[in-house]
Amino acid sequence: MSVSVGTVEERVWDALADVLDPEIPAVSVVDMGMIREVSVEDGVASVVVLPTFTGCPAVPMIERDVAAAVRSVEGVSDVRVRTSFDPPWTDDRITEDGRRKLKEFGLAPPTGKGPVLITEIGLPAVARCPFCGSANTRAENPFGPTPCRALYYCQACRNPFEQFKPV
Amino acid sequence: VSKALVSLLTALGDDELVLGHRHSEWTGYAPHMEEDVAFSSIAQDEIGHAAAYDSVAAGVVGGSRDELAFGRDPGDYRNAIVCERPNGDWAYTLARHWLYDYADDVRLEALEESSHPELASLAHKIRREERYHLIHADTWVKRIVRGPVEGRTKLIDAVSEVYVETLGIFEPIEEEAAAVAEGLLPVPSAELLARFVERTAKALDELGLPTEAQRLSDETAEFEASSSGDLIAGDRAPVELPASTPSAAMGGRSGRHTDDFKELWDVMTLTYRSHPGASW
């Protein structure tokens, strides 16, 4: 039998730590810094989610998973989930734990602040290879299989890889 | 206030939706794989931005964002005419992509200061994402300008063709006076147009391309002659136009569209019209 510890808010945060990003199931929405705030009043939990990219098709799934996880928390009778762009989600919201998990998943964590022009061809700043750690990488395409991923090639270990785009 | 807000959101959302649809037409057809991925991703971004604008609008007028995006008659769309033109060749696609993203940046910069907090934060977020589109467009234009003469010539021709219609992005929206007075649109369309002309003239000059802004005064008639003739009659009078902008580029903001839009609308809304409210 589980023993409830902490406040209801703390238990909601604990539950959210188990809600995985549907497109990157190695990290939680908390690791990604997507949860702006949690509040509970008279058993009604309110959660504000910051989407990483405006057009992220996973947002409805995330809203659904967040609502389901929070609803099961002891002391919560109802859940309200809403998305917001205030403040805009930025990649510096990803926790240290989240960065480590992204790398283990094979996805290079974002570097720097937004796209930085490094050469006249204007691709984002160089990413470090998540497999061998080399910085000898080449940006192939700032656009990848999802709005949040860019394509790279590691010239050291000769593996293609993806980076979570700085934004 | 809500009427002006909805007018503004509709213009913004329809530009992104309709151009996003055109970009998506490159999926499977682009000249090489990386560009197939790039245009598919840019299309996804733009349509996602449209969904975000439509969500705010749906909060005011009711209904769903899908209903707003796909459930309207052609004459109820408020996109600028330049967004609905077919992709044409690669040069036209890149010229429009480049000029549109300059125009979008000019207005997003202004909207970051909107008196409507939700729109202001949305504009701020979207602008951060749009930087990737600008980099993409700039990269291509620079590469072609420095390349062989054939590509350079095609690009110059395409920029000349698309430039005037791009100005229609800054045609005043319906309820413009109220939108400006309330601070929803903190900078009037005429001023945004002036900023766009100035910035693109500078960009063209830096690339060593002819500055199209200088052509407007003396070659307007030619542009009108080449791009008019296929307007679908709208049932509303066009709103007041900024001086020096040819009328053929205008009308989108009051629901006048070309036959190109009718063709696009048929495809874009087909699934929604066949199965309204379906979910999967």
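Structure: see above.
Residues numbered from 1 in each chain as written. Chains lettered and ligands numbered in written order. Predicted model: local features only at pLDDT ≥ 70, side-chain atom pairs only at ≥ 80, totals over all residues.

Visitor: So what about the sheet that holds strand β5 (residues 78-83) of chain A? Which residues, and what values?
Guide: All names here are of chain A. Judged by pairing direction, the sheet is mixed, and its 3 strands sit side by side in the order β3-β4-β5 without closing on themselves. Looking at strand neighbours, the two that pair on one side only are β3 (35-41) and β5, the edges of this open sheet. In this sheet, neighbouring strand axes are inclined to one another by 15 degrees on average, regardless of whether the strands run parallel or antiparallel. Packing against the sheet, helix α1 (residues 8-16) makes contact with β3 and β4 (44-49), and its axis sits at approximately 140 degrees to β3. Docked against the sheet, helix α2 (residues 59-71) engages β4 and β5, running at close to 155 degrees with respect to β5. (Pairing = 2+ DSSP bridges. Helix = DSSP H or I, 4+ residues; strand = E, 2+ residues; numbered from the N terminus. Axes fitted to C-alpha atoms, helices over the stretch in contact; angles between N-to-C directions. Contact = placed C-beta atoms within 7 Å.)

Visitor: So what about the sheet that holds strand β6 (residues 107-108) of chain A? Which residues, and what values?
Guide: Each strand in a sheet pairs with another by means of backbone hydrogen bonds, the pair being arranged parallel or else antiparallel. Residue and element names in this part refer to chain A. Spatially, the 4 strands line up as an open sheet ordered β6-β9-β8-β7, and their pairing is mixed. The open sheet has two edge strands with one neighbour each: β6 and β7 (137-141). Of the pairings in the sheet, the one linking strand β8 (residues 149-154) to strand β9 (residues 160-164) comprises 5 bridges and is antiparallel in character. Of the residues in β9, the one forming a bridge with tyrosine 153 is proline 160.

Visitor: Requested: an account of the interface of chain A and chain B, with residues and values cited.
Guide: Taken residue by residue, the interface counts 18 residues in chain A and 27 residues in chain B. Classifying every residue of the side of chain A that touches chain B by side-chain character gives 9 nonpolar, 6 polar and 3 charged. (Nonpolar A, V, L, I, M, F, W, Y, C, P; charged D, E, K, R; others polar.)

Visitor: Describe the environment of A:Asp18, with residues and values.
Guide: Residue and element names in this part refer to chain A. Tracing the chain through its elements places aspartate 18 in the loop between α1 and β1 (20-21). Aspartate 18 gets classed as exposed once you count the C-beta atoms within 10 Å, which come to 11. Here the alpha-carbon distance between aspartate 18 and tyrosine 152, two residues 134 residues apart in the chain, equals 30 Å. Non-local contacts of aspartate 18, meaning those with residues more than four positions away in its chain, are made with Ser28 and Ala69. (Buried ≥ 20, exposed ≤ 12 C-beta atoms within 10 Å, placed from the backbone.)

Visitor: Give me the lowdown on the environment of B:His21, citing residues and values where you can.
Guide: Residues and elements named next belong to chain B. Inspection of the secondary structure assignment puts histidine 21 in helix α1 (residues 2-24). Since 21 C-beta atoms lie within 10 Å of it, histidine 21 is described here as buried. With 63 residues separating them in the primary sequence, histidine 21 and glutamate 84 have C-alpha atoms 8.8 Å apart. Not counting the four nearest positions on each side in its chain, histidine 21 is found in contact with Leu264 and Met268.

Visitor: Can you break down helix α3 (residues 96-105) of chain A residue by residue, with the values?
Guide: For an α-helix the count is 3.6 residues per turn, leaving residues at separations of three or four pointing the same way. Residues and elements named next belong to chain A. Burial in α3 covers these residues: Gly98, Lys101 and Leu102. The arc that holds every buried residue of α3, seen down its axis, measures 105 degrees, which confines them to one face. With respect to the buried face of α3, the exposed residues turned more than 90 degrees away are Glu96 and Glu104. Tucked inside the fold, the buried residues of α3 contact β2 (24-28), β6 and β9. A positive phi of about 95 degrees marks glycine 106, the residue just after α3. (Arc of directions from axis to C-beta.)

Visitor: Can you tell me about the packing of α1(A) against α2(A), naming the residues and giving the values?
Guide: All names here are of chain A. Two numbers describe how α1 lies on α2: the axes approach to 9 Å, and their chain directions differ by 135 degrees. In terms of axis orientation, α1 runs oblique to α2. Pair α1 / α2 crosses with right-handed handedness. Listed contacts from α2 to Val12, Ala15 and Leu16 of α1 are Val66, Ala69 and Val70. Its residues assigned to classes, the contact of α1 with α2 comprises 6 nonpolar, no polar and no charged. (Parallel < 35°, antiparallel > 145°, perpendicular 65-115°, else oblique. Left-handed = near helix turned anticlockwise from the far one by under 90°.)

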